[in-house]
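Residues per chain are reported as follows:
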Amino acid sequence: MDDFDAIRDRRGTWSVQWDGIADRFGVSDLLPFTISDMDFASPPEVLDALRARIDHGVFGYTDWRLGGSGGFREAVRHWYATRFDTAIDIESLVYAPSVLSQLSQLLQMWTGPGDGVVVHTPTYDGFRKAVTGLGRELRGVPVGDTEALERELARPDSRMLLLCSPHNPTGRVWTEKELTDFRELAERHGATVVSDEIHADLTADGHRHVPWSRIAEPGRGRGWALVTSGTKAFNFPALSGSYGIIGDPDERTEFLRRMETAEGLASPAVLSLTAHIAAYRHGASWLDELRRYVAGTMAMVGERLRAGLPGVDWTPPQAGYLAWIDLRPLGIDEARLQEELVRREKVAIMPGGTYGTPGFVRLNVGCPRAKAERGVDALVRAAARLRTDGA
């Protein structure tokens, strides 16, 4: 059993969350609960595989399609069969350095400058940067508002529905019916669909993630992609590496052509392939332990919020280690709350405005419970002070 309570000092490791805190908050001596990576070591099985590969000592050009039954594609097929009860055709797989690099290529394949890309709000900030950075228009609809979703998709220049499944930052796990409704709406209005499923492996007990490939196949073959990675759940994002499923052979060929020629990315990072294979073949037990630990931490967050901020009605997310907390009932100004958190409490917690929804905070509790306790207690103290002051 992994020791998720162990404290690992990440300072001085070029960590965005720890060493890069001043870039976002202007202060360096903060306890961070920000970017969505975890403070846990990767599974022992992954670390052992990486050490063995490093000991080999040769790191020449690699091909993610090689390896046969012991290779990357077969490991993905095994994971989807055992984790999601879903059959994967390995010929439908593609590879790229990151989920966002896949999204960038798909946006350029399926949309043009000025076209609309429909997303759910609140919205993962990486989506906003990718979409607007390419000159497309981000069109947000509130989570759960089907009428608004159809209204935006019905606009003649709305070319893509960009899903986060499970949803970041709310942690919502879409039901199979919701996903089927999304597919039917996209088909009706001629929109392509990209489903980012990087948080799928972190779905909580009692909820079921349905891969978009299962939803899309009964409909049309063209105009959809599932993009994901094992880096989130097994905590090795710095190794890079992601993969996707593109159902249509011609679209898949075009995607790979763009990645391998226009972007010059024919050879993936070998340590990423190594880590993915080990995680998908041998990491299931570790992942289940992690999910149970995070569930316990989320229960602690709920208890402390109820005790310290009775006006806040919060329930744990259906997936992930990000607590999305609605503080609007307290009537607290977001800027003042951030000032309290940073200057007085010395913690960094992401404001809801980053995701287009002021009045919330996103608290990363993918960390030892003692650290998570410090974060939620700091949030409770800061919010309680401002509420008492009538802010």
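Here's what I pulled together on the structure shown here. Predicted model only: the values in this text are computed from it and were never measured. (Residues numbered from 1 in each chain as written. Predicted model: local features only at pLDDT ≥ 70, side-chain atom pairs only at ≥ 80, totals over all residues. Heavy atoms only, no water.)

### Things to note about the sheet that holds strand β9 (residues 322–326)
Hydrogen bonds between backbone groups are what pair the strands of a sheet, and the pairing can be parallel or antiparallel. Note the threshold: Any two strands are treated as partners once DSSP identifies two or more bridges connecting them. Secondary structure counts use DSSP, requiring at least four H or I residues in a row for a helix and at least two E residues in a row for a strand, with both numbered from the N terminus. Every axis in this analysis is a line fitted to C-alpha atoms, fitted for helices over the stretch in contact. Angles between the N-to-C directions lie between 0 and 180 degrees. By definition, residues are in contact when any of their heavy atoms lie within 4.5 Å.
Strand order across the open sheet formed by four strands is β1-β10-β11-β9, with mixed pairing between neighbours. The open sheet is flanked by β1 (31–33) and β9, the only strands paired with a single partner. Each strand of the sheet is rotated relative to its neighbour by a mean of 30°, with strand direction disregarded. Inspection of the sheet shows β1 paired to strand β10 (residues 347–351) by three bridges, in the parallel sense. Its bridge partner being in β10, Leu31 is matched across the sheet by Val347. Contacting β1, β9, β10 and β11 (360–364), helix α13 (residues 369–388) crosses the sheet at an angle of about 90° to β1.

### Looking at the packing of helix α11 (residues 284–308) against α13
Put simply, the test is: Each angle gets one of four labels, with under 35 degrees taken as roughly parallel, over 145 as roughly antiparallel, 65 to 115 as roughly perpendicular, and the rest as oblique. A crossing counts as left-handed when the near helix is turned anticlockwise from the far one by less than a right angle, and as right-handed when that turn is clockwise. Each residue gets one label: Ala, Val, Leu, Ile, Met, Phe, Trp, Tyr, Cys and Pro are nonpolar, Asp, Glu, Lys and Arg are charged, and the others, such as Gly, are polar.
Contact geometry for α11 and α13: axes closest at 10 Å, N-to-C directions at 20°. Regarding the angle of α11 to α13, the classification is roughly parallel. Remark: the crossing between α11 and α13 carries right-handed chirality. Residues Tyr293, Gly296, Thr297, Met300, Val301, Arg304, Leu305 and Gly308 of α11 form the contact with α13, whose own contacting residues are Arg369, Ala372, Glu373, Val376, Asp377, Val380 and Arg387. When grouped by side-chain class, the residues that make up the contact of α11 with α13 number seven nonpolar, three polar and five charged.

### Describing helix α2 (residues 44–56)
Short version of the rule: Helices are assigned an expected span. That span is 1.5 Å times one less than the residue count.
The end-to-end C-alpha separation of α2 is 19 Å, in line with the 18 Å expected for 13 residues at 1.5 Å each. Looking one or two residues past α2, Gly57 carries a phi angle of roughly 90°, positive in sign.

### Quick word on unusual backbone geometry
Leaving glycine out, the prevailing phi sign among residues is negative, and the prevailing peptide bond configuration is trans. Selection criterion: The cut-offs for exposure are 20% and 50% of the maximum accessible area for each residue type, with area from a 1.4 Å probe on protein chains only; residues under the lower value are buried, those over the upper are exposed, and the others partly exposed.
With omega at -5°, the peptide bond leading from Ser165 into Pro166 counts as cis. Topologically, Pro166 is positioned in the loop between β5 (158–164) and α7 (176–189). Here the residue pair Asn168 and Pro169 is connected by a cis peptide bond, since its omega of 20° sits within 30 degrees of zero. Positive phi outside glycine occurs at Asn235, with the angle close to 60°. The class for Asn235 is buried, based on a relative accessible area of 11%. A positive phi angle is found at Lys346, which is not glycine, with a value near 60°.

### Looking at the pairing of β5
Under the convention used in this document: Orient the strands so they point away from the viewer; a crossover is then right-handed if the path from the first strand over the helix to the second runs clockwise.
Here β5 lies mainly inside the structure; six of its seven residues are buried. Pairing analysis gives three bridges linking strand β3 (residues 116–121) to β5, with the strands arranged parallel. Across the sheet, the residue bridging to Val117 is Met160, located in β5. Here β5 pairs with strand β6 (residues 192–196) via five bridges, running parallel. The residue bridging Met160 from the neighbouring strand is Thr192, located in β6. The parallel pair β5 and β6 is bridged by α7, and the resulting crossover is right-handed.

### Digging into the packing of aromatic side chains
Operational definition: Each Phe, Tyr or Trp ring, with Trp reduced to its six-membered ring, pairs with another whose centre is within 6.5 Å; inter-plane angles below 30 degrees give stacked pairs, above 60 give edge-to-face pairs, and intermediate values give tilted ones. Criterion for a charge above a ring: Arg CZ or Lys NZ at most 6 Å from the ring centre, at most 35 degrees from the ring normal.
All told, the structure shown has 17 aromatic pairs when counted by the stated rule. Between the aromatic rings of Phe4 and Trp286, the centroid separation amounts to 5.7 Å while the plane-to-plane angle is 55°, which identifies the pairing as tilted. Of the two residues, Phe4 is situated in the segment before α1 (21–25) and Trp286 in helix α11; the sequence distance between them amounts to 282 residues. Here Trp286 falls in the buried class, since its relative accessible area comes to 5%. Seen in terms of ring centroids, Phe4 and Tyr293 are 5.4 Å apart; in terms of plane orientation they differ by 40°. Their pairing is tilted. Here the residue Phe4 occupies a position in the segment before α1, and Tyr293 occupies one in helix α11, the gap between them amounting to 289 residues. This pair shows no difference in class: Phe4 is buried, exactly as Tyr293 is. A cation over an aromatic ring shows up here: Arg369 above the ring of Tyr293, its NZ or CZ 4.3 Å from the ring centre. In this structure, Lys371 is placed above the aromatic ring of Phe33, and the distance from its NZ or CZ to the ring centre is 4.8 Å.

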